[in-house]
Amino acid sequence: MKTGKSSVRIGALVPLSRPGWVEAGRHLLAGLDLAVGEVNGAGGICGKPIELIVRDTAADPRKAADAVDELAGMGVAALAGEYHSVVARAAAARADALGLPFLCASAVLDALTEQPADWVARLAPAQSHGWRIYADFLIGAGHRRIAVATQPSVYWASGTRILRDHLASRGGSVVELDTRTLAAEALCEELVEHRATALLLLVGYPEPAASLVRAVRGDPRLAHVLIGAPAGQPEFAEWIALLGSDGAAIPFLRYLPEHLGDFGVRVEASLRERLNEAPSFVAFEGYDTLLVLAELLRRDAAPSADGWSQVTVEGTRGKIAFSRQPGISTWQWAWPPVQVADRDPHVHDRFRVLHVG
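Owing to the predicted nature of the structure, the values given are computational and were not obtained by experimental measurement.

Q: If you had to explain the pairing of strand β7 (residues 173–178) to someone new, which residues and values would you point to?
A: Pairing of strand β6 (residues 145–150) with β7 involves six bridges; the strand directions are parallel. The residue bridging Thr-150 from the neighbouring strand is Asp-178, located in β7. Taken together, β6, helix α5 (residues 154–168) and β7 form a β-α-β motif whose crossover is right-handed.

Laid out in structure tokens, this is it:
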């Protein structure tokens, strides 16, 4: 195990500045920090405290890869974190090349690495798993003519493909609307023309997502259209602060059980106090990530490439264990709980569970 003189160093990759999603990064770091304090309070790792060394990725893949090199040079024993899938890909490739354990907390791209990776594991469900559950929700709610507002991105393109394939097998169809060429008002015209009953926001936040929500909500011809955000934007308080009532009743994916157990309830209370708001599922991912890495490093002073398969941890959202899954290039927790939820239009800080995967 690579350590400092009196501590076990773990590197944390977190988006803490724009254009990264800063609120997601803040929740991810809160979970990591809370778990570090609790693990250290219980004796640390083999008597040594964990030292968390944080680097801001700012949603920049190159910056993330450079941070992996820097942290490896500092002697970290493992890496944790990252929210943005494209950024996590860069970090994962570099970590695997260096033989440095990296547990990705939140990124969901199935192909997190181009080749099968021995040193990389993931807590979040693969995109194909979660987004198929979202497609099942749409079909169950009676939506078969789906429009997706898109921007160029490996992540959004992958999501569109998953939705199109899964919906087609169930009698649904997907039309893609490119926000590079369609302003919000023109996109509304396309929704009317295609007789879409649902619009999914596969675009950046706050823009153009916020403008699209306002335009659709403000068009009486589209009062029946469901707005959806499978990537999870409405999970965060920033969303509802920006959009108000327009931001409610927009279903999204979140990776929480319908009801937390005693352990999860205790951690939720601590995270709420630390964040001064309700913790998102990303905060729980951060907490669980650190618990897993602590167990990995306790078990083996020099973790091997297949060390992930030996780790089992009781996390905040269930028992965590890793395996190889078809089509997924990393070690994977199969599976975290998945639900489709939205914000209650009448009480914005209350979530409604609409579908459970």
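Right, picking up where we left off after that structure.
Q: So what's going on with the pattern of salt bridges? Residues and values would help.
A: For the structure shown, the criterion picks out 18 salt bridges. In this structure, Glu-70 engages Arg-55 in a salt bridge whose closest nitrogen and oxygen atoms are separated by 3.0 Å. Taken together, the positions of Glu-70 in helix α2 (residues 61–73) and Arg-55 in strand β2 (residues 50–56) put the pair 15 residues apart, joining distant regions of the chain. For Glu-70, a relative accessible area of 37% translates into the label partly exposed. Its relative accessible area of 23% is what places Arg-55 among the partly exposed residues. Linking Glu-176 and Arg-164 is a salt bridge whose minimum nitrogen-to-oxygen distance equals 3.8 Å. Of this pair, Glu-176 sits in strand β7 while Arg-164 sits in helix α5; the two residues are twelve residues apart in sequence, bridging distant segments of the chain. Under the relative-accessibility criterion, Arg-164 is labelled partly exposed at 33%. Members of the salt-bridge network, linked through shared partners, are Glu-189, Asp-219 and Arg-221.

Q: Describe the packing of aromatic side chains, and please don't skip the residues or the numbers.
A: With the rule as written, the count across this model stands at eleven aromatic pairs. An angle of 80 degrees between the planes, with centres 6.1 Å apart, marks the rings of Trp-21 and Tyr-83 as edge-to-face. With Trp-21 in the loop between β1 (8–14) and α1 (22–41) and Tyr-83 in the loop between β3 (78–81) and α3 (85–98), the pair connects residues that are 62 residues apart, well separated along the chain. Exposure class is identical for Trp-21 and Tyr-83. Each is buried. Ring centres 5.8 Å apart and planes at 65 degrees place the aromatic pair Trp-308 and Phe-322 in the edge-to-face group. One end of the pair, Trp-308, is in the loop between α10 (281–299) and β11 (312–315); the other, Phe-322, is in strand β12 (residues 318–323), with 14 residues separating them in the sequence. Residue Phe-322 is classed as buried on the basis of its relative accessible area of 6%. Between Arg-254 and the ring centre of Phe-351, over which it is positioned, the NZ or CZ distance is 4.4 Å.

Rules of the game
- Residues numbered from 1 in each chain as written.
- Predicted model: local features only at pLDDT ≥ 70, side-chain atom pairs only at ≥ 80, totals over all residues.
- Heavy atoms only, no water.
- Pairing = 2+ DSSP bridges.
- Helix = DSSP H or I, 4+ residues; strand = E, 2+ residues; numbered from the N terminus.
- Right-handed = clockwise from strand over helix to strand, strands pointing away.
- Salt bridge = Lys/Arg side-chain N within 4 Å of Asp/Glu carboxyl O.
- Buried < 20%, exposed > 50% of the residue type's maximum accessible area, 1.4 Å probe, protein only.
- Phe/Tyr/Trp six-rings, centres within 6.5 Å; stacked < 30°, edge-to-face > 60°.
- Lys NZ or Arg CZ within 6 Å of the ring centre and 35° of its normal.

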